[in-house]
Amino acid sequence: MQHDTHHDQHGRHMDHADHAAHTAHAAHHPGGASWAMAARATLHCLTGCAIGEILGMVIGTALGWGNMETMVLAIVLAFFFGYSLTLRSILKAGVDFRTALRVAFAADTLSIAVMELIDNGVIALWPGAMDATLADTLFWGALAISLAVAFVVTTPVNKWMIGRGKGHAVVHQYHH
């Protein structure tokens, strides 16, 4: 009888230990997304988007392209650099290229899309921003503000995705 009681207590202790381990692990999975984690994921996305946006604007302006062509190039480059930064970190973890590419697409597509929609929407709606040149304060000011607004809007999207095991939560499994 005493042995059975000890066994039952040990079983309950193991259940508690398993629960504690699960709770600690939940920080990277559904329901466990913190604002800090979402902000880091968004900042990572913002870095790639900003590189692509600025490079696209510089190239389009330097080539004398119109607003639409320049914006399309900036968006394409924002996706390219956003995916590339994530891809680089996953490949560093020793994952094969095909798997890393799938993870990068799964992790970043919605985040980059929301960021680009907001960023380009702010610039398109800002009076005179579309016609500003690289030498204009308006160009750089509108770009900085549009990226800041995109960060603020995209962070809750990333928090929601990470909290459901999507987005950058997918990347976290490769960082152990």
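Reading the values: the criteria
Residues numbered from 1 in each chain as written. Predicted model: local features only at pLDDT ≥ 70, side-chain atom pairs only at ≥ 80, totals over all residues. Heavy atoms only, no water. Helix = DSSP H or I, 4+ residues; strand = E, 2+ residues; numbered from the N terminus. Expected span 1.5 Å × (residues − 1). Bend = angle between axes of the 7 residues up to and from the residue. Buried < 20%, exposed > 50% of the residue type's maximum accessible area, 1.4 Å probe, protein only. Contact = heavy atoms within 4.5 Å. Patch = residues over 30% accessible without salt bridge, like charges linked within 9 Å, V, L, I, M, F, W, Y side chains within 5 Å. Areas by Shrake-Rupley, 256 points an atom, 1.4 Å probe, with all protein chains shown as cover. Salt bridge = Lys/Arg side-chain N within 4 Å of Asp/Glu carboxyl O. Core = buried A, V, L, I, M, F, W, Y, C linked by side-chain atoms within 4.5 Å. Phe/Tyr/Trp six-rings, centres within 6.5 Å; stacked < 30°, edge-to-face > 60°. Axes fitted to C-alpha atoms, helices over the stretch in contact; angles between N-to-C directions. Parallel < 35°, antiparallel > 145°, perpendicular 65-115°, else oblique. Left-handed = near helix turned anticlockwise from the far one by under 90°. Nonpolar A, V, L, I, M, F, W, Y, C, P; charged D, E, K, R; others polar.

K.L.:
Would you mind going over helix 4 (residues 97-125) in detail, with residue names and values included?
P.N.:
Count 3.6 residues to each turn of an α-helix, and residues three or four apart come out pointing the same way. In this model, helix 4 (29 residues) spans 39 Å end to end at C-alpha, consistent with the 42 Å of a helix rising 1.5 Å per residue. The sharpest bend along helix 4 measures roughly 45 degrees and falls at aspartate 108.

K.L.:
Can you tell me about the side chain of threonine 86, naming the residues and giving the values?
P.N.:
Turning to its location among the elements, threonine 86 is positioned in helix 3 (residues 67-92). With a relative accessible area of 1%, threonine 86 lands in the buried category. Each residue touching threonine 86, except ones within four places of it in the same chain, is listed here: His44, Ala104, Asp108, His168 and Val171.

K.L.:
Tell me what's going on with a nonpolar patch on the surface, and back it up with residues and numbers.
P.N.:
Among the surface-exposed residues, Leu55, Ile59, Leu63 and Trp65 lie close enough to one another that they form a single nonpolar patch of about 350 Å² accessible area. Tracing the backbone through its elements, the reader meets leucine 63 in the loop between helix 2 (35-62) and helix 3.

K.L.:
Describe the nonpolar core, listing the residues and the values that go with them.
P.N.:
In terms of nonpolar packing, the biggest core is built from 18 residues, with Cys49 and Met115 touching the most fellow members. Those residues within four positions of methionine 115 in sequence are excluded, and the remaining contacts are Thr42, Cys45, Leu46, Cys49, Ala150, Phe151 and Thr154. Core analysis: the next-biggest nonpolar cluster, separate from the first, contains nine residues, Leu87, Val103, Ala104 and Ala107 among them.

K.L.:
Summarise the packing of aromatic side chains; cite the residues concerned and give the values.
P.N.:
Applying the stated rule across the entire model yields four aromatic pairs. Here phenylalanine 80 and phenylalanine 81 contribute two aromatic rings whose centre-to-centre distance is 5.1 Å and whose plane-to-plane angle is 85 degrees, an arrangement assigned as edge-to-face. By relative accessible area, which is 49% here, phenylalanine 80 ends up partly exposed. Ring centres of tyrosine 83 and phenylalanine 105 lie 4.6 Å apart, and the angle between their planes is 75 degrees; on these two criteria the pair is classed as edge-to-face. Of this pair, tyrosine 83 sits in helix 3 while phenylalanine 105 is found in helix 4, placing the two residues 22 residues apart along the sequence. By relative accessible area, tyrosine 83 is classed as buried at 15%. We classify phenylalanine 105 as partly exposed; its relative accessible area is 39%.

K.L.:
Give a description of the packing of helix 2 against helix 4 that names residues and reports values.
P.N.:
Packing of helix 2 against helix 4 leaves a shortest axis separation of 10 Å and a crossing angle of 50 degrees. What the angle tells us is that helix 2 and helix 4 run oblique. In this structure, helix 2 meets helix 4 at a crossing whose hand is right-handed. When helix 2 is examined against helix 4, the residues Thr42, Cys45, Leu46, Cys49, Glu53 and Met57 are found in contact with a partner set consisting of Ser111, Ile112, Met115, Glu116, Asp119, Asn120 and Ile123. Of the residues assigned to the contact of helix 2 with helix 4, the class counts are seven nonpolar, three polar and three charged.

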